[in-house]
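# Structural description and commentary
Here are the chains, one letter per residue:
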Amino acid sequence: MKKELGITMLLIVLCGTTAMLNHRFLGAANLQNMARLIGMYGIFSIGLGLVIITGGIDLSVGSVFALQGVVLAILLREWHWHWVIAVLASLAGVMALGLFHGLMVARVRMQPFIVTLCGLLFYRGLARYIAHDETKGFGTGGFGMLRELATGNLGPLPMPFVVLIVVAIVAYVVLHRSVYGRHLYAVGRNEEAARYSGIDSRRVILSAYVLSMLLTGVSGVLIAFYTNSISPANHGSFYELYGIAAAVLGGCSLRGGEGSILGIVIGTALLQVLQNLVNLLGIESSLNFAVMGAVIFFGVLVDQALRARRAQKT
Amino acid sequence: MPASLLELKNITKRFPGVLALDDVSLSVGHGEVVALIGENGAGKSTLMNILGGVHQADAGEILFDGERVVIRSVADALSLGIGFIHQELHVLDNLDVAGNVFLGREPFWGGRLRLIDRRRMARESEVYLKRSGLAIPPQTPLQDLSPAQRQMVEIAKALSQNARLIIMDEPTSSLTLSETERLLATVCDLSEHGVSVIYISHRLGEIESCADRVVALRDGRNAGELSAGEVSHQKMVSLMIGRKLEDLYVHGKGPQPTPYFQVEGLRTQYRPRHRISFDVARGEILGFAGLVGAGRSEMAQAVFGVNAPLAGTVRLEDRPLAIHSPRDAIAAGVFLVPEDRRHTGLITEMTVRENITLAGLRRCATWLLVRPDRETEIARRQVEALRIKTPGIETQAMNLSGGNQQKVVLAKWLSLEPKVIIFDEPTRGIDVGAKAEIYRLMRDLADRGVAVIMISSDMEEVIGVSDRIAVMHEGEIAGFLKRDQFSEQAIMDLAVGSKAA
């Protein structure tokens, strides 16, 4: 918890300021909408965090959203598959991509940045080709249960937020309490030493990419139904960067071996509050990215300074 | 000309909580080789860091060439003519030799374009290479050089900066015997040319052969000096530890008669054409001697599954083992304490607890979830049993001394059930006191029925510790020596390939 203290304070300060400047911030509708977004972004950010902890990266997330969205729309609307089968098939497909990335990184020893950069380009192109560059939609009705699961509420809580809480709890136990989690950190810190201690580092890395893509796939379904229409040229674009930013804000090091689930979730929340702040305070929306860039920059800078101080004390 | 080149007078340095140096004095004459000895933590590094401008002394003064000087940075030290050669080499292996010698001071031409004058660089570095005893063309890429040759490049670099005093910190820790001899010859040559040397080493044999004077530090104070005539192993050890070290080497119950761990026809990826066969009994310590590059570490890595062997059988208690990865080896009870403890032995950023339980974490887990109580208990027990000096089990391994880091690596294996343990250079860079403890632990293991293999380039250590010695030469075992055949000469003969009759 100590490590997340800095970013938690930043989150509280931001929430406080926004709430004071605009009373709508604390309105039920606004909070609900924010929770929905935090849910959707948080799930894939946790996945990305796992990969970053092994010392890797996955840049293909946004393009995977586009490809998965287009395929899902085709399966449901044009091929009329049952939604359960369609969703499972899309998840399996996305995990297969993760398996491919993992194999290239862990076995062939390609650099993760390059493997997933190629993925970013390739999947986006494929999505546009499959959809003939036309927007695919899910229409206004139908797919009863699925639509309810993806966009509905559980009591006052939006479904994606509920899913995030479940995912976060499971991920927390896996990462911070299980043997596998310890191995993930060990491989991220020092793959060679991990191997000398009998850890199958290749399998650990491979599994991180697959798990990450599983979570990306879950997010992908939620996001597809949230937007309800997929325009293959820009659906999900830049989302990987939100995920990376959330992980880094939450204390992950791009060198690997560092980071926590709580941190990633708080990092995601911070980004969404920022987004909300830009909207609510009537800041010119063209400045959107600039505000985010600046806050991430200073957040990480301050965090680093705090860590250095803490390291000196001990 | 003043009598001594360097004089450190009454240096005191206090760090928060510790008095690192207490009224320490040291003088070095022109062309004199002074060996600085002491256990880890005795203050050698602090003293040298003050000389190098890394730290400032709280009290005392530094006289260089008779003048009082203030050294605030490494650059200050260099401009005075003090060069450093660290244990870890600071050379870049993507450059050639000349590029390394002139790194940061490249001669250039072409005015503002500042193009590197390669020809001049090569010509000038040749002079310094010759003086440092390295007969290779300056255009040789650094990656083609052995560790010893790289060290010579560092010396050439120091000379090119007009160093009048060169400080060598554990320069031979990764060198073979013959390379060490060449380095020592270079040291003598330097001193004949009027360059003074401060030589820091844990290997007392080297010091005996090259030092004009020995200065010992203990607990941050001057512990005494020995002149060239008085230097002996015994005297140095007693100055360092303040008492006599009774038995550095302990002998155990001796090996059991039947073979226990057998390796037959092992072919490594490193030298696919050579085969290695040997066996170790329970209770036996089999030493592996030989020159660096003879294939000893590669043998260990093949047996442990890091680089799976191309061929050969490995048997334990007459059952063949299929080892394709360290995981397989560990499951069979065959462990390796690797040579490079900071990169392969430990995850230095992780805590002592996490390092100790890393290989056997499943044992502390129920349903794959780690039970913190069990884990803590295992780590505590090992820290106590091995007497690991650490503030606590939650301390990061990087904050421990070399000897204690090595004990953590060992603790990792002792928390499982070892049947065979391979030690690769187990005491490199570790001080005398900690060495004795590691030897004792190895002997304890053997007496408990473990088969122990120890790879070492320290001749004294191999002879002192082993029950039997296998000497390797160019990828093969040139011969085995029994206890009554042990001698440096016999080992050297086999190691260089002149097969003794």
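Quick notes on the rules
- Residues numbered from 1 in each chain as written.
- Chains lettered and ligands numbered in written order.
- Predicted model: local features only at pLDDT ≥ 70, side-chain atom pairs only at ≥ 80, totals over all residues.
- Helix = DSSP H or I, 4+ residues; strand = E, 2+ residues; numbered from the N terminus.
- Rg over C-alpha atoms; globule rule 2.2 N^0.38 Å.
- Contact = placed C-beta atoms within 7 Å.
- Nonpolar A, V, L, I, M, F, W, Y, C, P; charged D, E, K, R; others polar.
- Axes fitted to C-alpha atoms, helices over the stretch in contact; angles between N-to-C directions.
- Parallel < 35°, antiparallel > 145°, perpendicular 65-115°, else oblique.
- Left-handed = near helix turned anticlockwise from the far one by under 90°.
- Core = buried A, V, L, I, M, F, W, Y, C linked by C-beta atoms within 7 Å.
- Buried ≥ 20, exposed ≤ 12 C-beta atoms within 10 Å, placed from the backbone.
- Domains from an automatic or database assignment.
- Pairing = 2+ DSSP bridges.

Turning our attention to the overall build of chain B. Check the secondary structure of chain B and you find 17 helices and 24 strands. For chain B, the C-alpha radius of gyration of 24 Å lies close to 23 Å, the compact-globule estimate for 501 residues. Principal axes of the C-alpha set define a box for chain B whose edges measure 70 × 50 × 50 Å. Considering only residue pairs separated by 6 or more positions, chain B has 67% of its internal contacts joining residues 24 or more positions apart.

With that settled, consider the interface of chain A and chain B. Across the boundary between the two partners, chain A contributes 17 residues, which contact 24 residues of chain B. Listed by contribution, the elements that provide at least two residues to the side of chain A that touches chain B are α8 (179-189) and α9 (191-196) of chain A. When its residues are assigned to classes, the side of chain A that touches chain B shows six nonpolar, five polar and six charged.

Before going further, it helps to examine the packing of helix α4 (residues 83-106) of chain A against helix α10 (residues 201-227) of chain A. Residue and element names in this part refer to chain A. Orientation of α4 relative to α10, taken along the N-to-C sense of each, is 150°, at an axis distance of 7 Å. When the interaxial angle is binned, α4 and α10 end up roughly antiparallel. With respect to the hand of their crossing, α4 and α10 are arranged in right-handed fashion.

This part covers the nonpolar core. Among the nonpolar cores identified, the biggest contains 244 residues, and B:Ile166, B:Tyr199 and B:Met442 are the most heavily contacted of them. Apart from the residues within four sequence positions on either side, B:Met442 is in contact with B:Ile285, B:Phe423, B:Val452, B:Met454 and B:Val465.

This part takes up the domain arrangement of chain B. Residue and element names in this part refer to chain B. Segmentation of chain B into domains returns domain 1 (4-241), domain 2 (247-333 + 417-501) and domain 3 (344-416). Taking only C-alpha atoms into account, the centre of domain 2 sits 25 Å from that of domain 3. At the junction of the two partners, domain 2 supplies eleven residues and domain 3 supplies nine residues. Element by element, the count of residues in the side of domain 2 that touches domain 3 is highest for helix α15 (residues 432-447), at three residues.

The backbone of A:Phe238 sits at a positive phi, close to 80°, despite the residue not being glycine. Positionally, A:Phe238 belongs in the loop between β4 (229-230) and α11 (239-249).

Moving on to the environment of A:Tyr196. The topology assignment puts A:Tyr196 in helix α9. Residue A:Tyr196 is classed as buried on the basis of its C-beta count, with 31 C-beta atoms lying within 10 Å. The spatial distance from the C-alpha of A:Tyr196 to the C-alpha of A:Ser231 is 48 Å, given a sequence separation of 35 residues. Once you skip the residues sitting within four places of it in the chain, A:Tyr196 turns out to touch B:Val306, B:Pro326, B:Leu336, B:Pro338, B:Thr344 and B:Gly345.

Residue and element names in this part refer to chain B. Spatially, six strands are ordered β18-β21-β22-β15-β23-β24 in an open sheet, and the strand pairing comes out mixed. Pairing within the sheet leaves two strands with one partner each, and these edge strands are β18 (334-337) and β24 (476-482). Within this sheet the neighbouring strands show an average axis-to-axis angle of 20°, counted without direction. Of the pairings in the sheet, the one linking strand β23 (residues 468-473) to β24 comprises six bridges and is antiparallel in character. Residue pairing for β24: Val471 is matched across the bridge by Gly479.

The next point concerns the sheet that holds strand β17 (residues 319-321) of chain B. Pairing between the strands of a sheet is mediated by backbone hydrogen bonds and can be parallel or antiparallel. Residue and element names in this part refer to chain B. Sheet architecture is open: four strands sit in the order β14-β13-β16-β17, paired in antiparallel fashion. At either end of the open sheet lies a strand with only one pairing partner, and these are β14 (276-281) and β17. Here the strands of the sheet are splayed against their neighbours by 25° on average, with no regard to which way each runs. The pairing of strand β13 (residues 259-267) with β14 spans five bridges and is classified as antiparallel. Directly across from Gln262, in β14, lies its bridge partner Asp279.

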